[in-house]
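Single-letter residue listing:
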Amino acid sequence: MDIELERRIELLEWQRDNAMRIRCPLVAKKYQRMIDKLAKESRNRSTDKTEARGNDYRYSNQDNQQV
């Protein structure tokens, strides 16, 4: 996970917890949606990186087989 995304998620979690303490469930839900969105974005980035590495491997493997 990116350090920047991780920090943003931690900040949002802190803000969500604060909202829950002062009994603002709608605000807490808003922060939870933001956290979920960032976590999904992070998962997509890591999946894209994994797929990119996998594609590179497949192409290099095909090149080796053709030789």
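Just so we're clear, the structure is a prediction, and the values are computed from it rather than from any experiment.

K.L.:
Let's hear about the overall build of the chain: which residues, and what values?
P.N.:
Helices and strands together make up the secondary structure of the chain, namely two helices and zero strands. In the chain, buried positions account for 15% of the 67 residues. Per element, the accessible surface of the chain, about 5,900 Å² overall, is 51% carbon and sulfur.

K.L.:
Lay out the pattern of salt bridges with the relevant residues and their values.
P.N.:
Once the charged atoms of two side chains with opposite charge are near each other, the side chains can pair. All chains considered together, the criterion is met by three salt bridges. The salt bridge partner of Arg-16 is Asp-17, with a shortest N-O separation of 3.2 Å. Overall, Arg-16 belongs to the buried group, its relative accessible area being 18%. Looking at Asp-17, the relative accessible area reads 30%, which means it is partly exposed. The partner of Arg-45 in a salt bridge is Glu-41, with the nearest N and O atoms 3.1 Å apart. Separated by four residues within a single helix, Arg-45 and Glu-41 lie in helix H2 (residues 25-66), roughly one turn from each other. For Glu-41, a relative accessible area of 27% puts it in the partly exposed group.

K.L.:
I'd like to hear about the packing of aromatic side chains, residue by residue, with values.
P.N.:
The full count for this structure, using the stated rule, is zero aromatic pairs. Over the face of the ring belonging to Tyr-31 we find Lys-30, whose NZ or CZ atom lies 5.0 Å from the ring centre.

K.L.:
Got a sec to walk through helix H1 (residues 3-21)? Specific residues and values, please.
P.N.:
With 19 residues, H1 extends 27 Å between its outermost C-alpha atoms, agreeing within 8% with the 27 Å of an ideal straight helix rising 1.5 Å per residue. Along H1, the residues that are buried comprise Leu-5, Ile-9, Leu-12, Arg-16 and Ala-19. Relative to the axis of H1, the buried residues are bounded by an arc of 80 degrees and lie together on one face. For H1, the exposed residues lying more than 90 degrees away from the buried face are Ile-3, Arg-7, Trp-14 and Arg-21.

About the thresholds
Residues numbered from 1 in each chain as written. Predicted model: local features only at pLDDT ≥ 70, side-chain atom pairs only at ≥ 80, totals over all residues. Heavy atoms only, no water. Helix = DSSP H or I, 4+ residues; strand = E, 2+ residues; numbered from the N terminus. Buried < 20%, exposed > 50% of the residue type's maximum accessible area, 1.4 Å probe, protein only. Areas by Shrake-Rupley, 256 points an atom, 1.4 Å probe, with all protein chains shown as cover. Salt bridge = Lys/Arg side-chain N within 4 Å of Asp/Glu carboxyl O. Phe/Tyr/Trp six-rings, centres within 6.5 Å; stacked < 30°, edge-to-face > 60°. Lys NZ or Arg CZ within 6 Å of the ring centre and 35° of its normal. Expected span 1.5 Å × (residues − 1). Arc of directions from axis to C-beta.

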